[in-house]
Amino acid sequence: MTASTAAATQISLDGIWQFQHEAGPRREAVVPLPWQAQFADLRHASGRAIYTRQFRVEPLGDRRAVLCFGAVSYNAVVQVNGQIVGQNEGGYLPFECAISAEILQEVNELTVEVHLPDGASSTTPFAEIPHGKQSWYGPIGGIWQSVTLELRAPCHLLHCAISAQLSGSVSLALEMSLPATARLEILDGAGQVVAQGTATAEAHLHVDAPALWSPDQPNLYRLRVILPEETTEHVFGFRSFETREGQFFLNGQPWYMRAALDQDYYPEGICTPPSLAYLEDQLLKAKALGLNMLRCHIKVPDPRYYEVADRLGMLIWTEIPNVGVFSDAAALRMRATMEGILRRDGNHPSIVIWTLINEDWGTRLCEDPGHRAWLAREFDWLKQRDPSRLVVDNSPCHGNFHVKTDINDFHYYRSVPERRAEWDALTAEFAGGADWTYTPYGDAQRVGSEPLVVSEFGVWGLPDPRQVQINGAEPWWMETGGTWGDGVAYPHGIQNRFATLQLDTVFGSFERFIAAVQWYQFANLKYEIEVMRSWPQITGYVITEFTDVHWESNGLLDMNRNPRVFHDRFAEINANVVIVPRVSRYAAWGGRGYDFGVAVATGGAAVPDGVLRWHAEGQTGQIAVNAAAHSVVELGQIALQIAAGANRVLTVQFTLHATGAEVARNQIEVAVYHAAVPAAVTVATDDKALAAHCAALGLTAVAPDQADVTLVRALDAGDIARLQNGARYLLIAGEHPDGMGKIRLDPPRREQPFIPVVDEVPGLPGSLEGQVPNMVLHARHGTMWRGDWIAGFSWIRRAGVFIDMPGGPLVDLSFDRVIPQHVLTGFRAWEFGGPVHAGIVVGWAHKPAALIAERRVGRGGLVASTFRLTQDAPGVDPVASYLLNALIRLTADMTVDRANSV
């Protein structure tokens, strides 16, 4: 409640307490800190625990003794000297317990019994209490915020609510323990009194020409409430945040949301921050990344979180922790939690948005009209309770929606280059005011001018495990995540998996692998932000996420708040004004022209009389720019003439200058390929479309019995026979029009002797690995290989026939026309160091699969690739042409026994 208190004595009870969980051993525990963060045997434990400690107190006189708990999860019963002095339900908010003078002694025994419900609890089921991400990262139990003993004067302030308007008007509502008249003073940032008055309950003061609060200028004021025996100070700011015609306005000025999801978890304390300095450091890193908002995700943070945001300047979007099952009791608990948030945190100028529900968790909006009606009523209630902030009813993803909201936000995840076309299409639909963001059941209360925000998007990188150690050892949470993402979210053992798969032959070292996947994350975020900024209808976004959380590795910082490799460049794209390249293809032929568009997107800042300058390999140009705030200005096409020469990555750099300063910079990388020279290899194919494609590329076609390489898009028994007799085959898998998702077109053999147990044909179906030795084709869609949120890292070993491919070793945007939609499994770990030339791992280096691999079949040799090499007309895509030629050479170079070959 207070920033500082005079006359009231505060005694900290933080430190070492005696602790016992259930019937376990008695031991020492640190307060504040969840028990899961302290004891290895209680990492995932719910249940009951007893905390005890002694405290001394001087004679009270006429003062009152009050125990103040910041937060205890979840149910708490408080006793002093064996007498119950208070009880509380709720895991995130403060409560107080007054101690009568008759109970107190010179030395006092304080006992706190804590109950964290689990799935079997009947009185307060875990599913029906606000718990947020405890269902993801594990339970949080015990005394996790500070405990103090306050000795208060008989007449003291209980609560102070402050409402400050840009006009300088300040409305106050005071609650006091006894009727009294308080003297009031408002102090500015320099400590000067700028307004004063008196009040018994309510008051209205005025500050002339107030200094407004914003992230760039976090000007704060202090309200001093002076009672005869107590003086308290309360921090506030003059700030407005509103929407008009689909746009955000901060203090009446245009504002564009550049936010990140913050789950507010910490390396050692789980939900307990280690220090005020730690919170300050992470917020300064957030500002350095170009963020102007954090979405504190379904969790009520330590109050210092908001204090730092107020003081250093960061807007906050706060959410009620979700329940798992909606019921009348759950609804009451959520309402009580929101009431508690308003009471504790309502004065913070940094908080500008509330969320009631996230992604329909706990509710069933898609099925229950009663839940939709409740949500609309709860929206109205919160708007009436706090008209100064925006409210989101349900922050939705696919499968759920809005009913009534101030912001039309939506979550969607797509990785690039894997799902570039999907990202582009989703963003275009969303920007066009798609119907799917609102309830389709006729009960939407849509105004039509709600700002559009992509409120979750992003993709995984990976941290360096050496940088997330605690006291020189792997943290306990590296052993979690095994039940998420089909197992790919399990961090422990990543170095061993990397070594087992011999990925050092691809990346050079584990450290270079980590750097590569972090740059992959940057490339995804860069592209996706550029696409969103190209649509002026979209007024903001929320990156998932600010920091890694335990096994979840999509942070801009790791769990220990170490920066990613792209930290110093991220603000180039996460900025108020952004240069937006409009590139259809990120691969080009050397010796030819290459055209692309460019635009400038403004957020809250106009760009008057600006100049965009660009340069690439000695070519330069400049374009005049005049852009209003909240706009996207198209600057036309830029035409390059790319010099012939070696394969390389060409960088085009952009800078935007206005009012004598650089206001934006960006760059694109284009993979340049020299003119394709057809492989000096003869080929054969019975596939007419494939034959025409090869002919157009200048490949020499001959009869199958004379060809160096036979090309197919699926195999049959005749092909297997030729392979067994010494032929060489290139299999372009996953593209056969009659056998999508198959390597073999002929039906597999049955294993005998077995009775018909699966269909009417005797025998069990044979293993798919048996159709081609240890090789099975899988569609990526519907599997973890799809790699939208938990990323799949696709690579090509830059060696042999692939040695001069630009970029690498991870595939990049230049591959978006050929990116595989299938993977090949069945390969043993050692094969990823040789016969597998391109592959994929997912998440923490799980689910290895091949994208290009060779296999001996009898006396012959087979190269299989799932890259989509014939999607475009021959020669249109340089990457497809290069890969097809390289694969033909790889196949022709295989050592086979051609004796007696057919």
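Here the structure is a predicted model, which means the values were calculated and not measured.

1. Remarks on the overall build of the chain
When helices and strands are tallied, the chain shows 13 helices and 51 strands. What you see for the chain is a C-alpha radius of gyration of 32 Å, in line with the 29 Å of a compact globule of 902 residues. A principal-axis box enclosing the C-alpha atoms of the chain has dimensions of 110 × 75 × 55 Å. Here the chain, with 902 residues, has 59% of them falling under the buried criterion. Accessible area for the chain stands at about 33500 Å²; split by element, carbon and sulfur atoms hold 51% of it.

2. Thoughts on the packing of aromatic side chains
Applying the stated criterion across every chain, the model contains 49 aromatic pairs. Ring centres of Trp 551 and Trp 789 lie 6.5 Å apart, and the angle between their planes is 80 degrees; this geometry places the pair in the edge-to-face category. Here Trp 789 lies in the loop between strand S46 (776-779) and strand S47 (792-796) and Trp 551 lies in the loop between strand S31 (538-543) and helix H10 (567-573), a separation of 238 residues in the sequence. Taking relative accessible area as the criterion, Trp 551 reaches 1% and is therefore assigned buried. Grouping aromatic residues by their ring pairs yields a cluster made of Trp 136, Tyr 137, Tyr 265, Trp 361, Tyr 413, Trp 460, Trp 484, Trp 551 and Trp 789. A cation over a ring is seen here: Arg 295 above Trp 317, with NZ or CZ 5.4 Å from the ring centre. It is Arg 335 that lies over the ring of Trp 381; its NZ or CZ is 4.0 Å from the centre.

3. Overview of the sheet that holds strand S38 (residues 648-658)
Strand order across the open sheet formed by 5 strands is S33-S39-S38-S35-S36, with mixed pairing between neighbours. Each end of this open sheet is capped by a strand with a single partner; those strands are strand S33 (587-589) and strand S36 (619-627). If you compare each strand with its neighbour and ignore which way they point, the axes differ by 30 degrees on average. By the bridge criterion, 11 bridges tie S38 to strand S39 (residues 661-673) in an arrangement that is antiparallel. Among the inter-strand pairings, Gln 653 is bridged to a residue of S39, identified as Gln 667.

4. Considerations on the pattern of salt bridges
Within the structure shown, the criterion is met by 48 salt bridges. For Glu 530, the salt bridge identified is with Lys 526, shortest N-O distance 2.7 Å. With Glu 530 and Lys 526 both in helix H9 (residues 510-533) and 4 residues apart, the pair spans about one turn of that helix. The pair Glu 530 / Lys 526 is uniform in exposure class, with both members buried. Between Glu 831 and Arg 855 there is a salt bridge whose closest N-O contact spans 2.4 Å. With Glu 831 in the loop between strand S48 (822-825) and strand S49 (836-842) and Arg 855 in strand S50 (residues 846-857), this residue pair connects regions lying 24 residues apart in the sequence. Exposure class is identical for Glu 831 and Arg 855. Each is buried. Each of the salt bridges in this network shares a partner with another, and the network as a whole consists of Arg 183, Glu 185, Arg 222, Arg 224 and Glu 233.

5. Some thoughts on the confidence of the model for the chain
Within the chain, residue pLDDT values average 93, and 96% of them lie at 70 or more. Here residues 1-5 is modelled with pLDDT under 50, and outside its nearest four sequence neighbours on either side it reaches 16 contacts, counting other chains as well.

6. A few points about the sheet that holds strand S23 (residues 253-255)
In a beta sheet, neighbouring strands are held together by backbone hydrogen bonds and run either parallel or antiparallel to one another. The 3 strands lie next to each other as S21-S22-S23, forming an open sheet whose pairing is antiparallel. Either end of the sheet is taken by a strand with one partner, and the two such strands are strand S21 (241-244) and S23. Each strand of the sheet is rotated relative to its neighbour by a mean of 45 degrees, with strand direction disregarded. Pairing between strand S22 (residues 247-250) and S23: 3 bridges, direction antiparallel. Considered in S23, the bridge of Phe 249 is made with Pro 254.

7. Points about the packing of helix H6 (residues 420-431) against H9
For the pair H6 and H9, the least separation of the axes is 10 Å and the interaxial angle reads 30 degrees. On the basis of their axis angle, the class for H6 and H9 is roughly parallel. Viewed along their axes, H6 and H9 form a crossing whose handedness is right-handed. Contact residues: H6 offers Arg 420, Trp 423, Asp 424 and Thr 427, while H9 offers Tyr 527, Glu 528, Val 531 and Met 532. Broken down by class, the residue content of the contact of H6 with H9 amounts to 4 nonpolar, 1 polar and 3 charged.

8. Observations regarding the pairing of strand S3 (residues 15-21)
In this sheet, strand S4 (residues 26-31) lies alongside S3 in antiparallel orientation, the contact comprising 6 bridges. By the bridge assignment for S4, Phe 19 is matched with Arg 27. In this antiparallel pair of consecutive strands, S3 and S4, the connection spans 4 residues, and Glu 22 shows a positive phi of 50 degrees. When S3 meets strand S5 (residues 47-56), the two strands line up antiparallel, connected through 4 bridges. Counted as the bridge partner of Gln 20 is Ile 50 from S5.

9. Quick look at the environment of Leu 178
Mapped onto the secondary structure, Leu 178 falls in the loop between strand S15 (169-176) and strand S16 (182-187). Of the residues examined, Leu 178 reaches a relative accessible area of 35% and is grouped as partly exposed. Sequence separation between Leu 178 and Asp 708 is 530 residues; the distance between their C-alpha atoms is 98 Å. Once residues lying within four places of it in the same chain are set aside, the contact partners of Leu 178 are Arg 64, Pro 154 and Cys 155.

10. Focus: helix H13 (residues 878-892)
Along its 15 residues, H13 runs 21 Å from first to last C-alpha, staying within 8% of the 21 Å computed at 1.5 Å per residue. Counting buried positions over the 15 residues of H13 gives 14, a clear majority of the element.

11. Here we look at the side chain of Asn 322
Looking at where Asn 322 falls in the secondary structure, it is placed in the loop between strand S26 (315-319) and helix H4 (328-345). Take Asn 322: its relative accessible area is 4%, and that puts it in the buried class.

12. Here we look at the environment of Ser 46
By the element assignment, Ser 46 lies in the loop between S4 and S5. Along the chain, Ser 46 and Thr 337 lie 291 residues apart, while their C-alpha atoms are 21 Å from each other. Setting aside its immediate chain neighbours within four residues, Ser 46 contacts His 21, Trp 35, Leu 116, Pro 117, Asp 118 and Pro 139.

13. A closer look at the side chain of Asn 666
Within the secondary structure, Asn 666 is located in strand S39. You can call Asn 666 buried: its relative accessible area is 3%. Separated by 3.3 Å, the side chains of Asn 666 and Lys 526 make a polar contact. Within the structure, the side chain of Asn 666 is placed 2.9 Å from the side chain of Glu 530, a separation counted as a polar contact. Beyond its immediate sequence surroundings of up to four residues, Asn 666 is in contact with Lys 526, Glu 530, Glu 572, Ile 573, Ile 579, Pro 581, Val 652, Gln 653 and Phe 654.

Basis of the calculations
- Residues numbered from 1 in each chain as written.
- Predicted model: local features only at pLDDT ≥ 70, side-chain atom pairs only at ≥ 80, totals over all residues.
- Heavy atoms only, no water.
- Helix = DSSP H or I, 4+ residues; strand = E, 2+ residues; numbered from the N terminus.
- Rg over C-alpha atoms; globule rule 2.2 N^0.38 Å.
- Buried < 20%, exposed > 50% of the residue type's maximum accessible area, 1.4 Å probe, protein only.
- Areas by Shrake-Rupley, 256 points an atom, 1.4 Å probe, with all protein chains shown as cover.
- Phe/Tyr/Trp six-rings, centres within 6.5 Å; stacked < 30°, edge-to-face > 60°.
- Lys NZ or Arg CZ within 6 Å of the ring centre and 35° of its normal.
- Pairing = 2+ DSSP bridges.
- Axes fitted to C-alpha atoms, helices over the stretch in contact; angles between N-to-C directions.
- Salt bridge = Lys/Arg side-chain N within 4 Å of Asp/Glu carboxyl O.
- pLDDT = per-residue confidence, 0-100.
- Contact = heavy atoms within 4.5 Å.
- Parallel < 35°, antiparallel > 145°, perpendicular 65-115°, else oblique.
- Left-handed = near helix turned anticlockwise from the far one by under 90°.
- Nonpolar A, V, L, I, M, F, W, Y, C, P; charged D, E, K, R; others polar.
- Expected span 1.5 Å × (residues − 1).
- Polar contact = N/O pair within 3.5 Å; in protein donor to acceptor, adjacent residues only side chain to side chain.

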